[in-house]
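# Working through the structure, step by step
One letter stands for each residue in the lines below.
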Amino acid sequence: MTEFWLISAPGEKTCQQTWDKLMTATTRANNLSTNNKFNIPDLKVGTLDVLVGLSDELAKLDAFVESVVKKVAQYMADVLEDSRDKVQENLLANGVDLVTYVTRFQWDMAKYPIKQSLKNISEIVSKQVSQIDNDLKARASAYNNLKGNLQNLERKNAGSLLTRSLADIVKKEDFVLDSEYLITMLVVVPKTNYADWQRTYETLSEMVVPRSTNIILEDQESGLFSVTLFRKAIDGLRHPKCLLHRFMLRDFQYNEEEMKADKEEMTRLSTDKKKQFGPLVRWLKVNFSEAFIAWIHIKALRVFVESVLRYGLPVNFQAMLLQPNKKNMKKLREVLNDLYKHLDSSAAAIIDQSAMDIPGLNLSQQEYYPYVYYKIDCNLLDFK
């Protein structure tokens, strides 16, 4: 279960008491969740007006940062291609797996100095993650272009004899070259029509060189045949009679320079892709970690701001991270509601109404509870 519920409740006589009460209700009695204290330092509160405005801004920033975290994770899976089963071991935060990072969360004083105002800290995160987002777009675009060009060339070298590149198939000796009058052409013939081809190819045009056909390559459906004829008689191979027999002319001229250029381009793209792969994966690992850490700090900021707005000053609340037992999520929600409904009777009413599912009332989607609540889902990959 990679879903966490980050909640806060006001300190009773002490914050430890709040913690003990939660542990008794959710863990010791009935194993509904695994809980950890979530440590938020003493941040600068500022004015009520600023907190109210910040509450909305942080909600938007939370959604934006989460989207960037998911984008980086998903792109890592795309880049790893056949090794995408290894993606999870590359998605680390501060060198540890995500569950460990979240459950042992420590505020990063160096990145987000707590002497700064809440607004400044949120702006530091916003700037940092916007930069990661822009860099990702640029790097992904460059790598995807390279990958796309290479795939197009690879596709040309695969597929049926009707469409694939012939550069790796034909040899110089398959062709009559440098003749003013004669030319060798290539025709794709279905296997079922080989006998037809041998019987009729000399008569497809008046100027076919007798006994000049050779088979160069076969695939599962057809064979590639060469045939030599006079240049001015090529149109005979495009005659409806040929189509009737399903003899398909390949418009291919043997050109060593062009074929060499194609091969060199393929080698160059393949080498470039390998060269870029390592640095790109390293960049993704580092910036996934940065973005994920920033995201959890935004969650901490939201809990702080919302707790001060709801529970008032002086700052006195306990932030707690619950990892719900999957089978008991509904029960856990009920227990939390019983534990904290005295904090906000209007929230209890909303919960009752959403349970009744009144048509036209979409209150259940707002996820409003008597306690401060935010979800953290560490399952960031969408494997379709």
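Structural data are supplied above this passage.
What counts as what
- Residues numbered from 1 in each chain as written.
- Predicted model: local features only at pLDDT ≥ 70, side-chain atom pairs only at ≥ 80, totals over all residues.
- Heavy atoms only, no water.
- Axes fitted to C-alpha atoms, helices over the stretch in contact; angles between N-to-C directions.
- Helix = DSSP H or I, 4+ residues; strand = E, 2+ residues; numbered from the N terminus.
- Parallel < 35°, antiparallel > 145°, perpendicular 65-115°, else oblique.
- Left-handed = near helix turned anticlockwise from the far one by under 90°.
- Nonpolar A, V, L, I, M, F, W, Y, C, P; charged D, E, K, R; others polar.
- Salt bridge = Lys/Arg side-chain N within 4 Å of Asp/Glu carboxyl O.
- Buried < 20%, exposed > 50% of the residue type's maximum accessible area, 1.4 Å probe, protein only.
- Patch = residues over 30% accessible without salt bridge, like charges linked within 9 Å, V, L, I, M, F, W, Y side chains within 5 Å.
- Areas by Shrake-Rupley, 256 points an atom, 1.4 Å probe, with all protein chains shown as cover.
- Phe/Tyr/Trp six-rings, centres within 6.5 Å; stacked < 30°, edge-to-face > 60°.
- Contact = heavy atoms within 4.5 Å.

## Concerning the packing of helix 2 (residues 48-80) against helix 8 (residues 256-311)
A pair of packed helices is characterised by two quantities: the angle between their axes and the separation of those axes. At a closest axis distance of 8 Å, the pairing of helix 2 and helix 8 adopts a crossing angle of 155°. Taken together, the axes of helix 2 and helix 8 are roughly antiparallel relative to one another. Judged by the sense of rotation from one axis to the other, the crossing of helix 2 with helix 8 is left-handed. Of the residues belonging to the contact of helix 2 with helix 8, the class tally is 29 nonpolar, one polar and six charged.

## Looking at the pattern of salt bridges
Tallying each qualifying case throughout the model produces 21 salt bridges. In this structure, Lys21 and Glu12 form a salt bridge, with 3.4 Å as the shortest nitrogen-oxygen distance. On the basis of relative accessibility, which here comes to 40%, the residue Lys21 falls in the partly exposed class. A residue is classified by how much of its surface remains accessible, and Glu12, at 34% relative accessible area, is partly exposed.

## Some remarks on a nonpolar patch on the surface
On the surface, Leu162, Leu243 and Met248 cluster together into a nonpolar patch covering about 270 Å² of accessible area. Note that Leu162 resides in the loop between helix 5 (118-156) and strand 5 (182-190).

## Side note on the packing of aromatic side chains
Overall, the coordinates contain 17 aromatic pairs when judged by the stated rule. Pairing Phe288 with Phe292 gives two aromatic rings, centres 5.9 Å apart and planes at 25°, and the pair type is stacked. With a gap of four residues between them, Phe288 and Phe292 both fall in helix 8, about one helical turn apart. Taken together, a centroid distance of 5.8 Å and an interplanar angle of 70° make the contact between Phe292 and Trp295 edge-to-face. Of this pair, Phe292 and Trp295 both sit in helix 8, separated by three residues, roughly a single helical turn. Among the residues examined, Phe292 registers a relative accessible area of 0% and is labelled buried. Connected via pairs of aromatic rings, a cluster forms that spans Phe38, Tyr101, Phe105, Phe288, Phe292 and Trp295.

## Points about the packing of helix 1 (residues 15-28) against helix 9 (residues 329-340)
Running from N to C, helix 1 and helix 9 point in directions that differ by 145°, and their axes come no closer than 10 Å. Crossing handedness for the pair helix 1 and helix 9: right-handed. Contact residues: helix 1 offers Lys21, Leu22, Ala25 and Thr26, while helix 9 offers Leu332, Val335, Leu336, Leu339 and Tyr340. A breakdown of the residues in the contact of helix 1 with helix 9 according to their chemical character gives seven nonpolar, one polar and one charged.

## Looking at the environment of Lys232
By the element assignment, Lys232 lies in the loop between strand 7 (222-230) and helix 7 (240-244). Each C-alpha atom of the pair Lys232 and Ser205 lies 10.0 Å from the other, and the pair is 27 residues apart in sequence.

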